[in-house]
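# Survey of secondary and tertiary structure
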Amino acid sequence: MDTSGALQRNLPALGAAVRNIIIFIAVLSIPLTAAQAMDLSAAETSSWILALYGVPGLLSLILALRYRQPLLVTGNLFFIIFINGLEGQFSFPELIGAAVLAGGGVVVLGVLGLSKRIAGWIPVPIMFGLLAGAVMPFVSNFFTELGGAPVVVGGTLMAYLVSRSVLGTRLPAILPALVIGLAVTGITGQFGQVADPLSLTMPELTLPSFSLMAILTATPVFIVLITLQANLPAERFLHSQEYDPPETAIDFVSGIGTMLGSFLGPTGVSLSLPATSIVAGADAGEHEIRHRSVYLVASAALLVGLLAGIAVGLLELIPSALLLTLAGLAVVDVLVNALKRVTEGPLLLGPLFAFAISLSGISFLGFGNYFWSLVIGTAVSILLEREGLRALRQKGAE
């Protein structure tokens, strides 16, 4: 195969990688906000970023190389959102202790094969309903920014639409959108300023403190966030794309990564449904080479983790409106595919409930919206769409 042919073949995987990298950068503000709320030092913050980006990046490279599948583990975002919601109830070392024990619990679940059994109970259309709800806020949020930054957001959106219209699939539209977005930001003088000089910070280990109250409050939630709310939906998506993800190995890597990474800061290492849908979906190219996009994303995450002190400073340069716009455009095709799968049947009510619940902010009995999206969506289909479930099983058996 000539060079141009090889490049064309790998362009979709490159586009998938760029979309994920943009999202990773866009959500970096969430752990930074949590670190500020907990009054962490610069060394503790940089170490936490290393745990959230660098450790999963390294493990993703190992998984993708070993299994030749698009297995992209990340620092679980909902882990950080939950920690932020605790509003200082526990110290940083206590949260680390709870996360270390959660990692051990995930390893045990994986060894016993319990996660794999649970995965078989979730109909694929329910998972797509959850996925549609999970990525919808990314797409809708950047329109919210349009009123505050019309030139930057409008220019980026126009570049994306023109690229899709003129170039089609020959070039991932997110690439010209990124270039034009940065150019418009520079021309209009909307780049920010770095408050402190950029510098590398040495990682700092924090010894865990095992508080009974922190363990009872956080550890069960951490385990659910890693297994039922992250790994399980992503594994179901991989099955829908005709992959055979190694569930036991994924849980083992998630658990070990969570245990070891948490010594740098409380982190949950897991698959991510939005990220997995980008690197494993049809838009990532030919089935047998989609895992190549993981190499690029994981390498970028590892670099962000290793250069955390510099990465945090550089993030201050880019206006949030541009980050949100790029993140939204990066998942447009994911949303389109998910909505298509939700509405094609044979299940409709269950996926619709899953979609609506995953969009909500529900938190009940310590479990979040993704968990209840799967549980309630599946229950609705079992109760009201039995014929559809039978048709779905027959289709899967063919």
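Shown above is the structure to which this text applies.
My aim in this report is to walk through the structure given alongside it, one point at a time. (Residues numbered from 1 in each chain as written. Predicted model: local features only at pLDDT ≥ 70, side-chain atom pairs only at ≥ 80, totals over all residues. Heavy atoms only, no water.)

## Side note on the overall build of the protein
Tallying secondary structure elements over the protein gives 19 helices and two strands in all. When the 398 residues of the protein are sorted by exposure, 54% land in the buried category. Across the protein, contacts joining residues at least 24 apart in sequence account for 84% of those joining residues at least 6 apart. Working note: accessible area of the protein is about 17,300 Å², and carbon and sulfur atoms make up 67% of it. (Helix = DSSP H or I, 4+ residues; strand = E, 2+ residues; numbered from the N terminus. Buried < 20%, exposed > 50% of the residue type's maximum accessible area, 1.4 Å probe, protein only. Contact = heavy atoms within 4.5 Å. Areas by Shrake-Rupley, 256 points an atom, 1.4 Å probe, with all protein chains shown as cover.)

## Overview of the nonpolar core
Counting 99 residues, the largest nonpolar core has Trp48, Tyr53, Phe79, Phe128, Leu131 and Phe222 as its most contacted members. With 11 residues, helix H10 (residues 212–240) is the single largest residue contributor to this core. Sequence-distant contacts of Phe79, that is, excluding residues within four places in its chain, are made with Ala99, Phe222, Leu225, Ile226, Pro266, Thr267 and Gly268. (Core = buried A, V, L, I, M, F, W, Y, C linked by side-chain atoms within 4.5 Å.)

## Some remarks on unusual backbone geometry
Positive phi outside glycine occurs at Asp39, with the angle close to 60°. Inspection of the secondary structure puts Asp39 in the loop between helix H2 (29–37) and helix H3 (42–67). A relative accessible area of 68% places Asp39 in the exposed class. The phi torsion at Arg68 lies on the positive side, around 55°, for a residue other than glycine. Considering the arrangement of structural elements, one finds Arg68 in the loop between H3 and strand E1 (73–75).

## Regarding helix H8 (residues 150–166)
Look at H8: 23 Å from first C-alpha to last across 17 residues, which is about the 24 Å you get at 1.5 Å a residue. What H8 keeps buried is the set Val152, Val153, Gly155, Thr156, Leu157, Ala159, Tyr160 and Ser163. Close packing links the buried residues of H8 with helix H7 (124–146), helix H9 (174–187), helix H15 (320–330) and helix H16 (332–343). Note on H8: the residue one or two positions beyond its end, Gly168, has a positive phi of about 60°. (Expected span 1.5 Å × (residues − 1).)

## Observations regarding the packing of H3 against helix H13 (residues 292–306)
Taken N-terminus to C-terminus, the directions of H3 and H13 make an angle of 150°; their axes are 7 Å apart at the nearest point. One way to sum up the angle between H3 and H13 is to call them roughly antiparallel. Taken as a pair, H3 and H13 cross one another with a handedness that is left-handed. Along the contact surface, H3 presents Ile49, Leu50, Tyr53, Gly54, Gly57, Leu58, Ser60, Leu61, Ala64 and Leu65, while H13 presents Val294, Tyr295, Ala298, Ser299, Ala301, Leu302, Val304, Gly305 and Leu306. Along the lines of polarity and charge, the residues of the contact of H3 with H13 split into 14 nonpolar, five polar and no charged. (Axes fitted to C-alpha atoms, helices over the stretch in contact; angles between N-to-C directions. Parallel < 35°, antiparallel > 145°, perpendicular 65-115°, else oblique. Left-handed = near helix turned anticlockwise from the far one by under 90°. Nonpolar A, V, L, I, M, F, W, Y, C, P; charged D, E, K, R; others polar.)

## Describing the packing of H7 against helix H12 (residues 273–280)
Viewed as axis vectors pointing N to C, H7 and H12 meet at an angle of 105°, and their least axial separation amounts to 10 Å. Here H12 runs roughly perpendicular to H7, going by the angle between their axes. Here H7 contributes Met127, Leu130, Leu131, Ala134 and Val135 to the contact with H12, which in turn contributes Leu273, Pro274 and Ser277.

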